[in-house]
Number of protein chains: 2
Amino acid sequence: MKLPIRHVTAPAGFRAAAGTCGIKPSGAPDLALIVSDVPARCAAVFTQNAVVGAPVIVGRKHTARGPMRAIICNSGIANVATGQRGINDALAMCGTVAKNIECKPTEVLPCSTGVIGQRLPIEKITAGIDRLTEALGRNKRADADGAQAILTTDTRPKAARRSVNIGSTRITLGGIAKGSGMIAPNMATMLAFVTTDADIAAPLLRQALKAAVNADASFNRLSVDSDTSTSDTVAVLANGMAGHRPIRSSGADPRKFTEALTELCRDLAYQIIADGEGIEHVIRVRVSGARSQPDALRVARSVADSPLVKTAVHGLDPNWGRLAMAIGKSGAPVKPDRLTLRIGRTTVFRRGAPRPFNASAVRKTLKRFEVPIDIDLGSGKGSCEFLGCDLTRQYITINADYHT
Amino acid sequence: MKLPIRHVTAPAGFRAAAGTCGIKPSGAPDLALIVSDVPARCAAVFTQNAVVGAPVIVGRKHTARGPMRAIICNSGIANVATGQRGINDALAMCGTVAKNIECKPTEVLPCSTGVIGQRLPIEKITAGIDRLTEALGRNKRADADGAQAILTTDTRPKAARRSVNIGSTRITLGGIAKGSGMIAPNMATMLAFVTTDADIAAPLLRQALKAAVNADASFNRLSVDSDTSTSDTVAVLANGMAGHRPIRSSGADPRKFTEALTELCRDLAYQIIADGEGIEHVIRVRVSGARSQPDALRVARSVADSPLVKTAVHGLDPNWGRLAMAIGKSGAPVKPDRLTLRIGRTTVFRRGAPRPFNASAVRKTLKRFEVPIDIDLGSGKGSCEFLGCDLTRQYITINADYHT
């Protein structure tokens, strides 16, 4: 995959560097640093898992305090279930960055992804941070290297960029992400870092991020395998260096910014699901006619996570009975006689009754990389768009044949 | 597997017959009839899925009315998503049995399991019912044939029997069951039919069944793949023909009866999970120290249903990080620093910290058919025992390589 040359450094006033500090036995890149030249407003969302890594504990505190200057991220070891020493290691990463770029340690967001239950080789990492600081802004491949350095079992780097006019000034948003399902050797982590030169107050930025991650087919609307990592982090830094009129809560500006951020998040989210472990198909589940938005989400998630639905798509089987089962078990109120099901453009079930359909046309749809499944519950205005994927032998191989 | 010669006909006053009426293309047995010579008190529980088969709709009404005389069950076609005509077919099954054994149609419980969205070949079935009625009580293999006739992709029949003294009289409980995960061609169904010659009032019988299906490691405490069938049914018929003093709500009798019924249900439940689609291991998840029983169940179910945990067990990998992840995502309140994890007898994680352990000893545990996982949340007295299984390539093959 050819990456755009610049993404997280495309917005004004951001620099990045990445390299290998020696965490991964393979010698692959494992450390990335993103720095804003001036303090940036920050919004971040973290995993909902009750068991979280040390970087999440530290990151929650730091991002709640005020403007941020940098994100430091290693891959290979997740720094989860490592107790107070793990917290100290995460703080040491922040402290080293802070010393080097002359900011407070609390202005740095630490992230780690990889093996659970092991300590970070902190001397290697701090030495690596020193080298990356030297290289900041000097390497033209810094963005591509950064997208590479945060990966674990992903098969390809993930990056995206968007621009939008605020007044007559063009502002830019850039992002990198990682995530591939349950990442060997221990578990999946979804990380996404977004930079922008927009001038936007922190409360508005938080609103925009919340809307963007919860939008249809965005980060909170995808599932490779229903398992939730202990390290998930999505963070956006906005340093205001585009020099436009500040985005205020009134007018069209917040909407325009939120739309651009949402598009960027959707782009990265799709790159994540499309690189899900062992997958051969993306399943796009669209639910409409639910009594409420939460009901629509419940139904979409139940269908996207059903092993029965996932294996049917994998087997190119237009098995609408499995869809009906997964919808029915979702916990949302469902009236079978109002239910309509479509696979691609073909209606296979309408208002409670099976419809004769052209099986070969449906099988053609099922052979595509992306399989659209449309569910109309016929009971209200709640809707949702959710991304899932099929379940394959390769997924079992990736996750069963590894030994810790 | 050698079946006990009598199970559902072991209690006094029950007869059974089974055979082939021509629903399955394979010509395998597909119709079973269980009859009580006198009206029997009945308790039944049905699937929680919002989409249910016609037999479940009819069965709920019939079992709520009063005593029952018979259960009629076919395999091969589930009679789900078939509209009013499906209801009529289920009623026709009841009507044919009623005419033959001289009872009301509402005294018959109909059950069907198999393909969704197809109509039953009702003439074949009613002709089959006539033949089975003739054969009632004449065939010594009726019990074994009945256990066989309700199967779909199960690899073996499932049956069990228990006895207990009420006063000085021995009462008997017998049961047959089916279920194997997501059963080809469409979905799993768990069916269990229990007969007993106990004399017990319907409210007490319902209490006993509720306790039995919700007991540790019983029907409501197992999951092959987290998908819920549209046809699940567990029914118990108690005809009182043992001739003992009736079981009343006071004294030790209800407890003794409930214990025997619970043991029987656990026995059948274990036979179901042990025959789960493609499985190589049963996972027995024991949760203790939860703040409440519902929290314990939430944690146990999250662990047993986690693809990450299931593939780790399949890969013989003592990967406690995946256990911590699945516990944390359960939604129950979890304090990592109070959490202790054991695989077999080996403690791998104690109160928030990884413990050095003998990996080869744990791998020896993981190589056994049944893998015990013990989770102590250290926060209360809630506990739960739940049965799951590993996730294998064979499961994918069974569920993906079938084309409707």
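Every chain is numbered on its own, with residues counted from 1 as its sequence reads. Following the order in which they are written, the chains are lettered starting with A and the ligands numbered starting with 1. A pLDDT threshold of at least 70 governs which residues receive local features in this predicted model, and a stricter bar of 80 or more applies before side-chain atom pairs are shown or counted, although totals over entire chains, interfaces and linings include all residues. Excluded from the side-chain calculations are hydrogens and water; all other atoms, namely the structure's heavy atoms, are used.

A run of H or I in DSSP counts as a helix once it spans at least four residues, and a run of E counts as a strand once it spans at least two, with each numbered from the N terminus. Helices and strands together make up the secondary structure of chain A, namely 11 helices and 14 strands. Computation of the radius of gyration draws on C-alpha atoms, with the globule rule given as 2.2 Å multiplied by the number of residues to the power 0.38. What you see for chain A is a C-alpha radius of gyration of 22 Å, in line with the 22 Å of a compact globule of 404 residues. A burial count over chain A gives 63% of its 404 residues as buried. Pairs at least 24 residues apart make up 78% of the contacts formed inside chain A by residues separated by at least 6 positions. Only carbon and sulfur atoms are counted for the fraction: they give 49% of the accessible area of chain A, which is about 14800 Å². Mean positive and mean negative side-chain charge positions of chain A (53 and 34 charges, respectively) differ by 5 Å. Three exposure classes are used, based on accessible area relative to the maximum for each residue type with a 1.4 Å probe and protein chains only: buried under 20%, partly exposed in between, and exposed over 50%. Contact criterion: two residues are considered in contact whenever any of their non-hydrogen atoms come within 4.5 Å of each other. The Shrake-Rupley method, run with a 1.4 Å probe sphere, supplies the accessible areas, and residue values consider only the shown protein chains as cover. When charges are counted, neither His nor the chain ends are considered; positive counts come from Lys and Arg and negative counts from Asp and Glu. Where a charge lies is defined by one atom per residue type: Lys uses NZ, Arg uses CZ, Asp uses CG and Glu uses CD.

All names here are of chain A. Taken in spatial order, the six strands make up an open sheet running E12-E11-E10-E13-E9-E14, and their pairing is mixed. Strands with a single pairing partner mark the edges of an open sheet, and in this sheet they are strand E12 (353–354) and strand E14 (382–389). Strands pair, by our definition, only if DSSP identifies at least two bridges between them. Of the pairings in the sheet, the one linking strand E10 (residues 340–343) to strand E11 (residues 346–350) comprises three bridges and is antiparallel in character. Of the residues in E11, the one forming a bridge with Arg 342 is Thr 347. Orientation is described by lines fitted to C-alpha atoms, with helices fitted over the stretch in contact, and by angles between N-to-C directions that extend from 0 to 180 degrees. Strand contacts of helix H7 (residues 293–305): strand E9 (282–290), strand E13 (370–376) and E14, with the helix running at about 20 degrees to E14, the strand carrying the most contacts. The strands touched by helix H9 (residues 320–328) within the sheet are E10, E11, E12 and E13, with E10 carrying the most contacts at an inclination of about 130 degrees.

Here we come to the interface of chain B and chain A. Tallying the contact residues gives 50 residues for chain B and 50 residues for chain A. Put simply, buried area is the surface a 1.4 Å probe can reach on two separate parts but cannot reach once they are joined, added for both. Summed over both sides, the interface of chain B with chain A buries roughly 4100 Å², with 57% coming from carbon and sulfur. For this analysis, a salt bridge means a side-chain nitrogen from Lys or Arg found within 4 Å of a carboxyl oxygen belonging to Asp or Glu. Taken together, chain B and chain A are joined by zero salt bridges. Here a polar contact means two N or O atoms within 3.5 Å. Within protein one must be a hydrogen donor candidate and the other an acceptor candidate, and residues neighboring in sequence count only if both atoms are side-chain atoms. Taken together, the connections running from chain B to chain A amount to 10 residue pairs in polar contact (both at pLDDT 80 or more). At the level of elements, helix H8 (307–314), helix H9 (320–328) and helix H11 (393–400) of chain B are the ones that each hand at least two residues to the side of chain B that touches chain A. Only Asp, Glu, Lys and Arg are considered charged in this grouping, and only Ala, Val, Leu, Ile, Met, Phe, Trp, Tyr, Cys and Pro are considered nonpolar; every other residue, Gly among them, is considered polar. Counted by class, the side of chain B that touches chain A contains 23 nonpolar, 19 polar and eight charged residues.

Turning our eyes to something else, we now look at the side chain of His 314 of chain B. Among the secondary structure elements, His 314 of chain B is positioned in helix H8. Excluding residues that lie within four positions of it along the chain, His 314 of chain B makes contacts with Ile 396 and Ala 400 of chain A together with Glu 280, Asp 390, Leu 391, Thr 392 and Arg 393 of chain B.

Moving on, we get to the confidence of the model for chain A. Residues and elements named next belong to chain A. The score called pLDDT rates the predictor's confidence residue by residue, from a low of 0 to a high of 100. With 96% of its residues at a pLDDT of 70 or more, chain A has an overall mean of 90. Within the model, the stretch residues 182–188 combines pLDDT values under 50 with 42 contacts to residues more than four positions away or in other chains. Confidence estimates for the predicted assembly give a pTM of 0.87 and an ipTM of 0.84.

Looking now at the relation of the copies chain B and chain A. The copies are overlaid by a least-squares fit using only the C-alpha atoms of residues whose pLDDT is at least 70 in both copies. Aligned on chain A, chain B shows an RMSD of 0.0 Å; the corresponding rotation is 180 degrees and the shift along the axis is 0.0 Å. Such a combination of turn and shift is consistent with a two-fold rotation axis. Ranked by how close their C-alpha atoms come to the rotation axis, the residues of chain B are headed by Arg 393 of chain B, at 2.6 Å. The residues that chain B uses at the interface reappear at the interface of chain A in 100% of cases, marking a shared surface.

All names here are of chain A. Where each domain starts and ends follows an automatic or database-derived domain assignment. Taken domain by domain, chain A consists of domain 1 (14–274) and domain 2 (282–400). Summarising the inter-unit geometry, the C-alpha centres of domain 1 and domain 2 are found 33 Å apart. Here domain 1 and domain 2 share an interface that buries about 1400 Å² over both sides, 57% of which is from carbon and sulfur atoms. Connecting domain 1 to domain 2 are zero salt bridges. Linking domain 1 to domain 2 there are six residue pairs in polar contact (both at pLDDT 80 or more). Considered class by class, the residues forming the side of domain 1 that touches domain 2 number seven nonpolar, three polar and three charged.

Moving on, we get to unusual backbone geometry. For Ala 81 of chain A, which is not glycine, the phi dihedral falls at a positive 60 degrees. Here Ala 81 of chain A lies in the loop between strand E3 (68–77) and helix H2 (83–101).

All names here are of chain B. The strand order across the open sheet formed by six strands is E12-E11-E10-E13-E9-E14, and the pairing between neighbours is mixed. Each edge of the open sheet is held by one strand with a lone partner, namely strand E12 (353–354) and strand E14 (382–389). Two elements, strand E9 (residues 282–290) and strand E13 (residues 370–376), share seven bridges in a ladder whose sense is parallel. In the sheet register, Arg 284 faces E13, and the bridge partner there is Pro 372. Against the sheet, helix H7 (residues 293–305) engages E9, E13 and E14, with an angle of about 20 degrees to E14.

Residues and elements named next belong to chain B. What counts as a ring pair is set by centres within 6.5 Å for rings of Phe, Tyr and Trp (its six-membered ring), and what kind of pair is set by the plane angle: stacked under 30 degrees, edge-to-face over 60, tilted for all other angles. Per the counting criterion, the structure on display carries two aromatic pairs over all chains. Considering the side-chain rings of Trp 320 and Phe 349, the 4.9 Å spacing of their centres and the 35 degrees angle between planes classify their relative orientation as tilted. Placement of the pair is Trp 320 in helix H9 and Phe 349 in strand E11 (residues 346–350), with a sequence separation of 29 residues. Of the residues examined, Trp 320 reaches a relative accessible area of 10% and is grouped as buried. Judged by its relative accessible area of 3%, Phe 349 falls in the buried class.

Our next topic: the packing of helix H8 (residues 307–314) of chain A against H9 of chain A. All names here are of chain A. Where H8 meets H9, the axes come as close as 9 Å, and the angle between the chain directions of the two elements is 155 degrees. Here H9 runs roughly antiparallel to H8, going by the angle between their axes. Seen along the crossing, H8 lies across H9 with a hand that is left-handed. Contact residues: H8 offers Leu 308, Val 309, Thr 311 and Ala 312, while H9 offers Arg 322, Leu 323, Met 325 and Ala 326. The class makeup of the residues in the contact of H8 with H9 is six nonpolar, one polar and one charged. Our angle categories are set so that under 35 degrees counts as roughly parallel, over 145 as roughly antiparallel, 65 to 115 as roughly perpendicular, and the remainder as oblique. Crossing handedness is read from the near helix: turned anticlockwise from the far helix by less than a right angle, it gives a left-handed crossing, and turned clockwise, a right-handed one.

Here Cys 103 of chain A shows up in the loop between H2 and strand E4 (108–115). On a C-alpha basis, the gap between Cys 103 of chain A and Ala 211 of chain A in space is 30 Å, while along the polypeptide they are 108 residues apart.

Residues and elements named next belong to chain A. Within E9, seven of the nine residues are buried, leaving the element largely enclosed by the surrounding structure. Two strands pair when backbone bridges link them, and E9 and E14 are joined in this way by seven bridges, in the antiparallel orientation. Each residue of the ladder has a partner; that of Val 287, found in E14, is Cys 384.

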